[in-house]
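Here is how the chains run, residue by residue.
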Amino acid sequence: MSMSSLSDLFRTLSLELRELARDAEAMHELVCPDHATQDAAYVRAVQRIDRTQQTLCNLSTFLEAARDELPESYEVALKSALETVRLNDLKLRLVPSAHGIGAVKPDDSDGEMELFSQAS
């Protein structure tokens, strides 16, 4: 059974959220190089991307701060929760024993290969 200290789980989730915030920020810059020339609907959509980025970053910071208050002795069984995760690379990052704590590595894959891979 996959066990993790609650503190380690919060740390891993915090790092994942921080990485997602970076990705959202990159999308924001990609789709909005010159927002002044765009219509109101476009600007609202870009603002939603910005809000998503800020929310992810805030959640990451929140989990990291909450983690500082947790006793190291608290553990959680992850088996059932891990079975709900469909992205294998994410699942592997969520299991602290499978890597060093804090080993969130950017994944160059955008997920399309799993969905749209062609049989060779």
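In what follows, the structure referred to is the one given above.
Bear in mind that the values here come from a model prediction, so they are computed numbers and not experimental data. Per chain, residues are indexed from 1 in the order of the written sequence. Residue-level local features of this predicted model are given only where pLDDT is at least 70; pairs of side-chain atoms are given and counted only at 80 or more, and the full residue set underlies all totals for whole chains, interfaces and linings. Hydrogens and waters are ignored; side-chain quantities use all the structure's heavy atoms.

Asks: Residues and numbers for the overall build of the protein chain, please.
Replies: Secondary structure elements follow DSSP: runs of H or I of four or more residues count as helices, runs of E of two or more count as strands, with numbering from the N terminus. Within the protein chain, the secondary structure is distributed over 5 helices and 2 strands. What you see in the protein chain, going N to C, is helices and strands ordered as β-α-α-β-α-α-α. For the exposure calls, accessible area comes from a 1.4 Å probe over protein chains only, and a residue counts as buried if that area is under 20% of its type's maximum, exposed if over 50%, partly exposed in between. Residues classed as buried in the protein chain amount to 28% of the 120 residues present. Residue pairs in contact within the protein chain that sit at least 24 positions apart in sequence constitute 74% of those at least 6 positions apart. Residue contacts follow a heavy-atom distance rule, with two residues in contact if any of their heavy atoms lie within 4.5 Å.

Asks: Please give an account of the pattern of salt bridges that cites residues and values.
Replies: A pairing counts as a salt bridge when a side-chain nitrogen of Lys or Arg comes within 4 Å of a carboxyl oxygen of Asp or Glu. Counted under the stated rule, the structure contains 6 salt bridges. A salt bridge links Glu64 to Arg11, with the shortest nitrogen-to-oxygen separation between them at 3.3 Å. With Glu64 in helix α2 (residues 40–67) and Arg11 in helix α1 (residues 6–31), this residue pair connects regions lying 53 residues apart in the sequence. For Arg11, a relative accessible area of 27% puts it in the partly exposed group. The partner of Arg93 in a salt bridge is Glu16, and the shortest N-O contact between them spans 2.5 Å. In this pair, Arg93 is assigned in helix α4 (residues 88–93) and Glu16 in helix α1, connecting sequence segments 77 residues apart. Assessed through its relative accessible area of 10%, Glu16 is described here as buried. Here the salt bridges share partners, and the residues they tie into one network are Arg11, Glu64 and Arg67.

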